[in-house]
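Each chain, letter by letter, is given below.
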Amino acid sequence: MTEDGTTTAEPSATDQPAGQPAEQPGAAGPRIGAGPPGRPALGWTELLTGAVLYLVLSIAGGAALFVGGGGVPGAVPLLAVTGAATLVAALAVLAMRVRWLPAIGLRRTTVGWLLVAAAAGLVARVLAGLLGYGYQQVTGDMSNPQEFLGDALGGGGPLVFAGVLLTGALLVPFAEELLFRGIGYGALRRYGVWVAVPASSAVFALAHGINVVLVVALLLGVVCALLYERSRSVWPAVVAHVVFNASGFVIAGLFLGGAGS
């Protein structure tokens, strides 16, 4: 595939950096994180730059909302800014050296993989509830860092509910998958699945803070990394993430009365 995504040809083994095969052992399909002919694969340059950009843009966006709004921002603006900052970080990193959309998994996949991903997102949602409860029982930490979402879903009305779904269940999952799976997992995959899956998932979890969300994000990160690994496309990971977030918002909205208020 060229830079504008008009073809589907993959680089051959001779196009890859030394020691980086075009196909990874034990899996069909192109090497995850591989660059196009004449350009490097994803590596530590992209990984570290992505982390810095993500932090800087997220903090700057949150600060701008706080100052501009004269206080704590609402759920929808905060989710929108977070998603936009994450997406900009991912695309900016890709534009530095690699400049090839398939390098971050933006390649076609099958309907079968999308259905598997949707089911995986629902299963992960159920397991996340159990993990979150277990974390609270073991640590005694009953805090809820995402309480602002519950407040918005519970009393914001249908427009706010729709805004949360649009930003938190579409924009944020897409952006986070491009950054944490496309860039993060893609850069670490050269060290093998047993390193890339836990390492990229741990980074994803830590980005959500040291709280109950950490164990939930860790689970979701593992699920999405495995979907990317097996399908060789980031779209199944995006779908699983979308279903995971959307199902959580819908359950919270119905439970709190926000969806129908």
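This structure is a prediction, so every number in the text was calculated from the model and none was measured. (Residues numbered from 1 in each chain as written. Predicted model: local features only at pLDDT ≥ 70, side-chain atom pairs only at ≥ 80, totals over all residues. Heavy atoms only, no water.)

K.L.:
Just to check I follow, could you spell out unusual backbone geometry for this structure?
P.N.:
With the exception of glycine, the majority of residues adopt a negative phi angle, and the majority of peptide bonds are in the trans configuration. Positive phi is not limited to glycine here, since Arg99 has a value of about 50 degrees. Take Arg99: its relative accessible area is 33%, and that puts it in the partly exposed class. Positive phi, normally seen in glycine, also occurs at Arg232, with a value near 65 degrees. Checked against the element boundaries, Arg232 lands in the loop between helix 7 (212-231) and helix 8 (235-256). (Buried < 20%, exposed > 50% of the residue type's maximum accessible area, 1.4 Å probe, protein only. Helix = DSSP H or I, 4+ residues; strand = E, 2+ residues; numbered from the N terminus.)

K.L.:
Would you explain the nonpolar core in this entry?
P.N.:
Considering soluble globular proteins, one finds that nonpolar side chains tend to be buried as a cluster. By size, the foremost hydrophobic cluster in this structure holds 47 residues, and its most contacted members are Ile104 and Tyr185. Where this core is concerned, the elements lending two or more residues are helix 1 (44-69), helix 2 (75-96), helix 3 (111-139), helix 5 (157-188), helix 6 (193-206), helix 7 and helix 8. In terms of residue count, the dominant contributor to this core is helix 7 (13 residues). With near-sequence residues (within four places) excluded, Tyr185 lies in contact with Ile32, Phe180, Val193, Ala196, Val197, Ser200, Ala225, Tyr228 and Glu229. Counting eleven residues, the second-largest nonpolar core is a separate cluster that includes Ala75, Phe161, Ala246 and Phe249. (Core = buried A, V, L, I, M, F, W, Y, C linked by side-chain atoms within 4.5 Å. Contact = heavy atoms within 4.5 Å.)

K.L.:
What is the right way to look at the pattern of salt bridges in this model?
P.N.:
Here the idea is simple: oppositely charged side chains can pair when their charged atoms come close. Under the counting rule described, the total for this entry stands at four salt bridges. Glu46 is the partner of Arg97 in a salt bridge, and the nearest nitrogen-oxygen pair spans 2.8 Å. Taken together, the residues Arg97 in the loop between helix 2 and helix 3 and Glu46 in helix 1 connect sequence positions 51 residues apart. You can call Arg97 partly exposed: its relative accessible area is 30%. Overall, the relative accessible area of 0% leaves Glu46 in the buried class. One continuous salt-bridge network, built from bridges that share partners, spans Arg189, Glu229 and Arg232. (Salt bridge = Lys/Arg side-chain N within 4 Å of Asp/Glu carboxyl O.)

K.L.:
What am I meant to see in a nonpolar patch on the surface here?
P.N.:
A surface patch of nonpolar side chains, about 410 Å² in accessible area, is lined by Trp44, Leu48, Tyr191 and Val195. Within the secondary structure layout, Val195 lies in helix 6. (Patch = residues over 30% accessible without salt bridge, like charges linked within 9 Å, V, L, I, M, F, W, Y side chains within 5 Å. Areas by Shrake-Rupley, 256 points an atom, 1.4 Å probe, with all protein chains shown as cover.)

K.L.:
Help me understand the packing of aromatic side chains in this model?
P.N.:
Counted by the stated rule, this structure contains four aromatic pairs. A centroid spacing of 5.7 Å and a plane angle of 20 degrees characterise the contact between Phe174 and Trp235, whose relative ring orientation is stacked. Here the residue Phe174 occupies a position in helix 5, and Trp235 occupies one in helix 8, the gap between them amounting to 61 residues. You can call Trp235 partly exposed: its relative accessible area is 34%. (Phe/Tyr/Trp six-rings, centres within 6.5 Å; stacked < 30°, edge-to-face > 60°.)

K.L.:
Got a minute to help me understand helix 1 in this structure?
P.N.:
Note on helix geometry: an α-helix contains 3.6 residues per turn, so any two residues three or four positions apart are oriented the same way. The terminal C-alpha atoms of helix 1 lie 37 Å apart, and with 26 residues this matches the ideal 38 Å at 1.5 Å per residue to within 8%. Looking at the packing, one finds that the buried side of helix 1 touches helix 2 and helix 5. Among the residues trailing helix 1, Gly70 stands out with phi positive, at a value near 70 degrees. (Expected span 1.5 Å × (residues − 1).)

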